[in-house]
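Listed here are the chains, written in short residue letters.
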Amino acid sequence: MKKFFILISIICLLVSCKKDEQQAQTYPPGHGVPNITGPFDFTPAILKPYKFKTGSYWVYQNDSTGILDSILVIHDTVLDETYGISSSNYFSFTAYYSINYYDYTFSKSYTEALTTGYNILPTASIFRATPGEATQGPYLVALGTPTLMFPHDSSYAFCCSKYVGAITSLTLNSNTFNNINKVKITKAAECMVDFPNDTYLYFTDTIGIIKRENILSTTNIDSWSIKRWHVIK
């Protein structure tokens, strides 16, 4: 019996070492991508909190005017194809999930794709694009704007998007949220113009965006905070 347990321990140790060897990779820096040494989960599981089904909705209130903005998921689908530029592999990624939204206040629709990256782009990301951009060529939403990236790293910047940092707690319209991630979108650096101004987005797991700030000028910020929501997983 003792030999049996010793054998099992050796097998477990070997499997663990092999797993660490596969996950603990150092990716080369470039285009704002930092050196990331694993282990880190690049599977679709890390994006699950942001996977919303048709019928999910969010209502935001303008912090200055009190006007409401309603956003609804009108379609969701699984994407199981792989897209990329074979010559450089820089934009290589697997599209995992696509969500179509409609903004009733501004009569605007857009698409978001939850993706897992590899090769020189070692991230899991959420990309946003207009429907027209989302159907261009084999890349679909690859040419859109990255709005949230994993792992969260303040030294990380890709395209126009940069992770600013974490906020422990934030109270919006009498709702208190914890563990918020803040991202800045810089209009001048966008691959495609999906945001008309420099924008700050505040994300929390399971709900998604809880606050957005449109920087109209250095002294004029158009701020919207979540008021109520209903998410379907």
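Reading guide: rules and limits
- Residues numbered from 1 in each chain as written.
- Predicted model: local features only at pLDDT ≥ 70, side-chain atom pairs only at ≥ 80, totals over all residues.
- Heavy atoms only, no water.
- Phe/Tyr/Trp six-rings, centres within 6.5 Å; stacked < 30°, edge-to-face > 60°.
- Helix = DSSP H or I, 4+ residues; strand = E, 2+ residues; numbered from the N terminus.
- pLDDT = per-residue confidence, 0-100.
- Contact = heavy atoms within 4.5 Å.
- Polar contact = N/O pair within 3.5 Å; in protein donor to acceptor, adjacent residues only side chain to side chain.
- 1 Å grid on protein atoms, 1.4 Å probe; cavity = no way out; pocket = protein on both sides within 12 Å on 5 of 7 lines; lining within 4 Å.
- Points joined across faces, edges and corners; volume = space filled by probe spheres on them.
- Nonpolar A, V, L, I, M, F, W, Y, C, P; charged D, E, K, R; others polar.
- Core = buried A, V, L, I, M, F, W, Y, C linked by side-chain atoms within 4.5 Å.
- Buried < 20%, exposed > 50% of the residue type's maximum accessible area, 1.4 Å probe, protein only.
- Salt bridge = Lys/Arg side-chain N within 4 Å of Asp/Glu carboxyl O.
- Pairing = 2+ DSSP bridges.

A. Spotlight on the packing of aromatic side chains. Applying the stated criterion across every chain, the model contains eight aromatic pairs. Pairing Trp58 with Tyr101 gives two aromatic rings, centres 5.8 Å apart and planes at 50°, and the pair type is tilted. Pair noted here: Trp58 is in strand 1 (residues 57-62) and Tyr101 is in strand 4 (residues 93-103), with a separation of 43 residues, a long-range link. Cluster of aromatic residues (ring-pair linked, three or more members): Phe52, Trp58, Tyr101 and Tyr110.

B. Region of interest: the confidence of the model for the protein. When the pLDDT values of the protein are averaged, the result is 75; 66% of them are 70 or greater. At the low end of the mean pLDDT range in the protein sits helix 1 (residues 2-23), at 37; at the high end sits strand 1, at 98. Confidence drops under pLDDT 50 across residues 1-37; counting only partners more than four residues distant or on other chains, this segment forms 36 contacts. pLDDT under 50 marks residues 136-142. Its contacts with residues more than four places away, or in other chains, come to 18 contacts.

C. How the structure looks around unusual backbone geometry. With a phi close to 50°, Ser107 is a non-glycine residue in the positive phi region. Here Ser107 is to be found in the loop between strand 4 and strand 5 (108-117). Residues other than glycine seldom take positive phi values, yet Asn179 does so here, at roughly 55°. With respect to the element layout, Asn179 can be found in strand 10 (residues 175-185).

D. Main features of the environment of Asn173. You can see Asn173 is positioned in the loop between strand 9 (161-172) and strand 10. Separated by 112 residues in sequence, Asn173 and Gln61 have C-alpha atoms that sit 8.5 Å apart. When near neighbours in sequence (up to four residues on either side) are disregarded, Asn173 contacts Gln61, Ser225, Ile226 and Lys227. Within the local environment of Asn173, its side chain forms a polar contact with the backbone oxygen of Ile226, the two atoms lying 3.0 Å apart.

E. Structural detail: the layout of surface pockets. Looking at the largest pocket, its volume works out to about 530 Å³. Lining the largest pocket we find 30 residues, and of these Ile71, Asp103, Tyr110, Arg128 and Arg212 sit closest to its centre. Of all elements in the fold, only strand 1, strand 2 (68-78), strand 4, strand 5, strand 6 (124-129), strand 11 (198-204), strand 12 (208-217) and strand 13 (220-230) reach the threshold of two or more residues within the lining of the largest pocket. Ranked by the residues each element gives to the lining of the largest pocket, the list is headed by strand 12, at five residues. Of the residues assigned to the lining of the largest pocket, the class counts are 17 nonpolar, five polar and eight charged.

F. Quick look at the nonpolar core. Core analysis: the largest hydrophobic core is formed by 33 residues, its most contacted members being Tyr50, Trp58, Tyr101, Leu114, Ile210 and Ile226. The contact partners of Tyr101, leaving out residues within four places of it in the chain, are Phe52, Trp58, Ile71, Leu72, Val73, Ile74, Lys108, Ser109, Tyr110 and Glu112.

G. The pattern of salt bridges, seen in detail. Under the counting rule described, the total for this entry stands at four salt bridges. A salt bridge links Lys53 to Asp76; the nearest nitrogen and oxygen atoms lie 3.8 Å apart. In this pair, Lys53 is assigned in the loop between helix 1 and strand 1 and Asp76 in strand 2, connecting sequence segments 23 residues apart. On the basis of relative accessibility, which here comes to 17%, the residue Asp76 falls in the buried class.

H. Region of the structure containing the pairing of strand 2. Examined bridge by bridge, strand 1 and strand 2 share five bridges and lie antiparallel to one another. Following the sheet pairing, Trp58 is matched in strand 2 by Ile71. In textbook terms, the turn of a hairpin is the stretch between consecutive antiparallel strands, and for strand 1 and strand 2 this stretch comprises five residues, one of which, Gly66, has a positive phi near 85°.

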